[in-house]
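# Descriptive analysis of the structure
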Amino acid sequence: MTLIETLAGVQAGTPLADAIAQRAEIMGLSQASHDAVLLPRDPGGLSHAERAALAARMAGWNDDPALVAHYRTLLAKAGEPPALAAIAAGEADASLTVEPRFAAIIRHADLLTRRTRDARKEDIAALIAAGVSEPDIVRLAELAAFVNYQARVIAGLRLLGAAA
């Protein structure tokens, strides 16, 4: 069973589990995406701990305590400095406790999670001005896209499971 299925509470032998089994490739690809985005061999300028903290923060904005707990576990395994714990918790002033580069990353992750439609090319320029490399901007976009996708799929599967 994949992480998405586990966090969605999918029970073996239910119609929902049977429907998901017919889409096993998608679930497998989603799990592989999780591993590639959160635990890449080469994390570039976004460490595994930073990725986990940002993912927990995004899961919190998506109001998914189980997903937050999953990412907090990853954060604990990667090492949890106090600033990253505050970021993961979604503290409004957490960005003030980190270097300006990472503060810009946090603002952008929040933008992509909470106000996606408001994102503009100027936001990318702000990341570059803060010292975020273009490969790390792509890594951040991948992380935000995946965590927000994951939260929506989990929410949808929970609704389907409750309706069955």
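Keep in mind it's a predicted model, so treat the numbers as computed, not measured.

Reading guide: rules and limits
Residues numbered from 1 in each chain as written. Predicted model: local features only at pLDDT ≥ 70, side-chain atom pairs only at ≥ 80, totals over all residues. Heavy atoms only, no water. Helix = DSSP H or I, 4+ residues; strand = E, 2+ residues; numbered from the N terminus. Expected span 1.5 Å × (residues − 1). Buried < 20%, exposed > 50% of the residue type's maximum accessible area, 1.4 Å probe, protein only. Arc of directions from axis to C-beta. Polar contact = N/O pair within 3.5 Å; in protein donor to acceptor, adjacent residues only side chain to side chain. pLDDT = per-residue confidence, 0-100. Contact = heavy atoms within 4.5 Å.

### What to know about helix α5 (residues 65-78)
Taking 1.5 Å per residue as the helical rise, α5 with its 14 residues ought to reach 20 Å, and the 20 Å between its terminal C-alpha atoms agrees with that figure. What α5 keeps buried is the set Leu67, Val68, His70, Tyr71, Leu74 and Leu75. Taken down its axis, α5 places every buried residue within 160 degrees of arc, on the same side. Seen from the buried face of α5, the exposed residues on the opposite side, beyond 90 degrees, are Pro65 and Lys77. Its side-chain oxygen placed 3.2 Å from the backbone nitrogen of Ala66, Asp64 serves as the N-cap of α5. Looking one or two residues past α5, Gly79 carries a phi angle of roughly 100 degrees, positive in sign.

### Some points on the confidence of the model for the chain
Summarising the model, the chain shows a mean pLDDT of 93, and 96% of its residues fall at 70 or more. Looking across the chain, the model is least confident in helix α6 (residues 82-88), with a mean pLDDT of 89, and most confident in helix α4 (residues 48-61), with 97.

### With respect to the side chain of His34
Relative to the helices and strands, His34 resides in helix α3 (residues 24-38). Setting aside residues up to four positions removed in sequence, His34 forms contacts with Leu3, Leu39, His70, Tyr71, Leu74, Phe146 and Gln150.

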